[in-house]
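Fold and contact review
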Amino acid sequence: MSQKIFNKKDFTKINEKEYQLEYTISEIGEGSNLIVERLTDKGNYEIIQAPLQKSNDKIYIIWDNPFDGRILFDV
């Protein structure tokens, strides 16, 4: 599996309650077998079930607050 590391600053605020990460399908694939993990205070990763949205050639990962983490995906 491949991975993409992201930081809190990579999120964009989309409304008063949600933030999103934006990737193209060419960066991370179609979204199948996509795993989103959040970095904990202890330095470990925990899997979260973040909502995904697709539009044209983009995939959006939605969450209620920005966090440091990574995306695991098949290439």
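In this text, all values refer to a predicted model and were calculated from it rather than measured experimentally. Starting afresh in each chain, residues are numbered from 1 along the sequence in its written order. Under the rules for a predicted model, residues below a pLDDT of 70 receive no local features and side-chain atom pairs below 80 are neither given nor counted, while totals for whole chains, interfaces and linings still include all residues. Processing note: side-chain calculations cover all non-hydrogen atoms of the structure and skip hydrogens and water entirely.

1. A short note on the packing of aromatic side chains
- Centres within 6.5 Å are what make two rings of Phe, Tyr or Trp a pair, Trp counting through its six-membered ring; a difference in plane orientation under 30 degrees is then read as stacked, over 60 as edge-to-face, and the rest as tilted. Counted according to the given criterion, the structure contains four aromatic pairs.
- Taken together, a centroid distance of 5.4 Å and an interplanar angle of 70 degrees make the contact between Phe6 and Phe67 edge-to-face. Of the two residues, Phe6 is situated in strand E1 (residues 2-6) and Phe67 in the loop between strand E7 (58-63) and strand E8 (69-73); the sequence distance between them amounts to 61 residues. Here Phe6 and Phe67 have matching classes, each one buried.
- A centroid spacing of 5.2 Å and a plane angle of 50 degrees characterise the contact between Phe11 and Phe67, whose relative ring orientation is tilted. With Phe11 in the loop between E1 and strand E2 (12-13) and Phe67 in the loop between E7 and E8, this residue pair connects regions lying 56 residues apart in the sequence. Per the convention used, a helix needs a DSSP run of H or I reaching at least four residues, while a strand needs a run of E reaching at least two, with both numbered from the N terminus. Burial here depends on accessible area, computed with a 1.4 Å probe over protein chains only, as a share of the maximum for the residue type. Under 20% is buried, over 50% is exposed, and the range in between is partly exposed.

2. Brief notes about the sheet that holds strand E6 (residues 52-55)
- A strand pair is defined by DSSP finding two or more bridges across the two strands. Here four strands make up an open sheet; going across it, the order is E2-E3-E7-E6 and the pairing antiparallel. Of all strands in the sheet, those bounded by a partner on one side alone are E2 and E6.
- For E2 and strand E3 (residues 19-24), the ladder comprises two bridges, and the chain directions are antiparallel. Among the inter-strand pairings, Thr12 is bridged to a residue of E3, identified as Gln20.

3. Things to note about the environment of Asn44
- Among the structural elements, Asn44 can be located in the loop between strand E4 (35-39) and strand E5 (45-48).
- In sequence terms Asn44 and Gly69 are 25 residues apart; their C-alpha atoms lie 9.7 Å from each other.
- In what follows, a contact means two residues having at least one pair of non-hydrogen atoms within 4.5 Å. Apart from the residues lying within four places of it in its own chain, the contact partners of Asn44 are Arg38 and Leu39.

4. Notes on the environment of Ile61
- With respect to the element layout, Ile61 can be found in strand E7.
- When its relative accessible area of 1% is taken as the criterion, Ile61 is described as buried.
- Considering only alpha carbons, one finds Ile61 and Ser2, 59 residues apart in sequence, at a separation of 17 Å.
- Excluding residues within four positions of it along the chain, Ile61 makes contact with Tyr19, Gln20, Leu21, Tyr23, Leu34, Val36, Ala50, Pro51, Leu52 and Ile71.

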